[in-house]
Amino acid sequence: MSNQFGIDKEIIEFSNRIIYELKDKFEEIDKIAEYNQLKVIKAMQDCKVNSDCFQYSSGYGYNDYGRDTLEKVYAKVFKTEAALVRPQITCGTHALAITLGGLLRPGDTIFSPVGKPYDTLEEVIGIRDSVGSLKEWGIKYKEAELKEDGSFDYEKIEEALKDETIKVAEIQRSKGYATRPSFTVEKIGELILFIKKRRPDIDVMIDNCYGEFVQEIEPCEVGADIIVGSLIKNPGGGIAPIGGYIAGRRDLIEKCAFRMNAPGLGMEVGASLNVLRDFYEGFFLSPIVVSSAVKTAVFAARAYEKLGFKVIPGSDENRSDIIQAIEFNNPDGLIEFCRGIQAASPVDAHVVPEPWAMPGYDSDVIMAAGAFTQGSSIELSADGPIKPPYAVYFQGGLTWPSGKLGIMNTIQKLKEKGIIEKL
Ligand SMILES: *Cc1c(COP(=O)(O)O)cnc(C)c1O
């Protein structure tokens, strides 16, 4: 079948040799997926999920049994006391903004011990001036940069923790679109222990975006107080059409609910309309979908390592998220890679991505996505800024065969352009 997509026999054979080499790695990924799949089923059984849970609710959404049960399922899976899982949370940034706004008060300080947070949080926090930022409400921000090698700078963190106004430490699990490493849950656990030893009063919040189900444990199992993510990434399983989640200690989740709705109107309001079945089914499928995305990332890492490109992380490294970066060192490589991903998609495959001056970026950006849900990045998607080192960041792959096809097609495009000569 791969021939029918115009992929050379040579590339198919190259790919199959790599997959053979990666057998043990894939087996490991399957084991994690199986563990997480059973964890989700067990939680659904323990919470007595039944067909009533999938019913429509409207208006204020009082007594939305399906919503409340789903939140119990999330709490069980993520080993927390409570959770908010809502279509009213528009995206990951919104979930993070709700959490920061819920936990902090004027005069408090947010502390990031892992350097700069995700781009969109700069405006939420007010690192870049923005209307309605936490800074406008008198909330301050402090960070400790990572060391040159990407490890935690414990000396700087220790120094920063002397600031009594710090109330929340925000730790981003995934590297996002930066060049630092992603942190495993175990590594995050070491950092939390360090912080809590010195400042047990600080609430530790984890930006868990792209991390869910990549490992067998999640951050609240190593001491995090609250975790936050998007449903059009990992935990939505490609089925959730919208939404975000916040899971953690009950007192903190309640604060977030008042921030999400209104003071006085907490978790008990918020209609689910018709999304609950999708939320449940997506969460059920998520462990396997995430394993497909991780296989796609590892396969791409190994293929592009062999083709002589710098890849982050390397194909042998332990993973904690689904993002893969490849540096092309020239714009054509980046552009052709994105076109290869697009042309192998189930939706919008006939569209040719072009770099453009997107608002908010300091260079042209190219993006590829042929997705069922707009902007969903658990579906195979790629993008990168047209500036050195011309790195593409890609993630997703709802199924492993579709991920494999996408990556083979990128190699095909690069080969046709003469950017790759020898396999
Ligand atoms: C995607 C992402 C966000 C923001 O999520 P959106 O849904 O794009 O608003 C925040 N942090 C990290 C690490 C992310 O990957």
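Preceding block: the structure.
Conventions we followed
Residue indices follow the written sequence of each chain, beginning from 1 at its first position. For this predicted model, a pLDDT threshold of at least 70 governs which residues receive local features, and a threshold of 80 or more governs which side-chain atom pairs are given and counted, while totals over whole chains, interfaces and linings are taken from all residues. Excluded from the side-chain calculation are hydrogens and water; included are all heavy atoms of the structure. Paired strands, in this sense, are two strands between which DSSP finds at least two bridges. Helix and strand definitions here come from DSSP, where helices need a minimum of 4 consecutive H or I residues and strands a minimum of 2 consecutive E residues; each element is numbered from the N-terminal end. Crossover handedness is defined here as right-handed if the route from the first strand over the helix to the second strand goes clockwise, with the strands pointing away from the viewer. In these notes, residues near a molecule or strand are those with any non-hydrogen atom within 4 Å of it. In protein, a polar contact requires one atom able to donate a hydrogen and another able to accept it; more generally it is a pair of N or O atoms within 3.5 Å, and residues adjacent in sequence count only if both atoms are side-chain atoms. Residue burial considers only the protein chains on display, and all accessible areas are found by Shrake-Rupley using a 1.4 Å probe. Asp, Glu, Lys and Arg are counted as charged, while Ala, Val, Leu, Ile, Met, Phe, Trp, Tyr, Cys and Pro are counted as nonpolar; the rest, among them Gly, fall into the polar class. Each residue's exposure class comes from its accessible area (1.4 Å probe, protein chains only) as a fraction of the maximum for that residue type: buried when under 20%, exposed when over 50%, partly exposed otherwise.

With that out of the way, let us pick up the pairing of strand β3 (residues 140-143). Taken together, the four bridges between strand β2 (residues 109-112) and β3 define a ladder with parallel strand orientation. Across the sheet, Ile 110 pairs through a bridge with Tyr 141, a residue of β3. In this fold, β2 hands off to helix α5 (residues 119-125), which returns the chain to β3; that crossover is right-handed.

On to the site of the ligand. Taken together, the neighbourhood of the ligand is formed by Cys 91, Gly 92, Thr 93, Leu 96, Tyr 118, Gln 172, Asp 207, Cys 209, Tyr 210 and Lys 233. In the environment of the ligand, an oxygen atom lies 2.8 Å from a nitrogen or oxygen atom belonging to the backbone of Gly 92. Summarising the interface, the protein chains cover 89% of the accessible area of the ligand, which totals 370 Å² for the free molecule. Counting residues per element, the shell around the ligand draws most heavily on helix α4 (residues 92-103), which supplies three residues. Among the residues making up the shell around the ligand, the classes are represented as five nonpolar, three polar and two charged.

Turning to the pairing of strand β7 (residues 244-248), a few remarks are in order. Taking burial as the measure, the five residues of β7 include five buried ones, the bulk of the element. Burial along β7 is two-sided: the face carrying Gly 244, Ile 246 and Gly 248 and the face carrying Tyr 245 and Ala 247 are both buried. Pairing of strand β1 (residues 82-86) with β7 involves five bridges; the strand directions are antiparallel. Bridging across to β7, Leu 84 finds its partner in Ile 246. Sheet analysis places strand β6 (residues 226-230) next to β7, joined by five bridges and oriented antiparallel. Bridged to Ser 230 within β7 is Gly 244.

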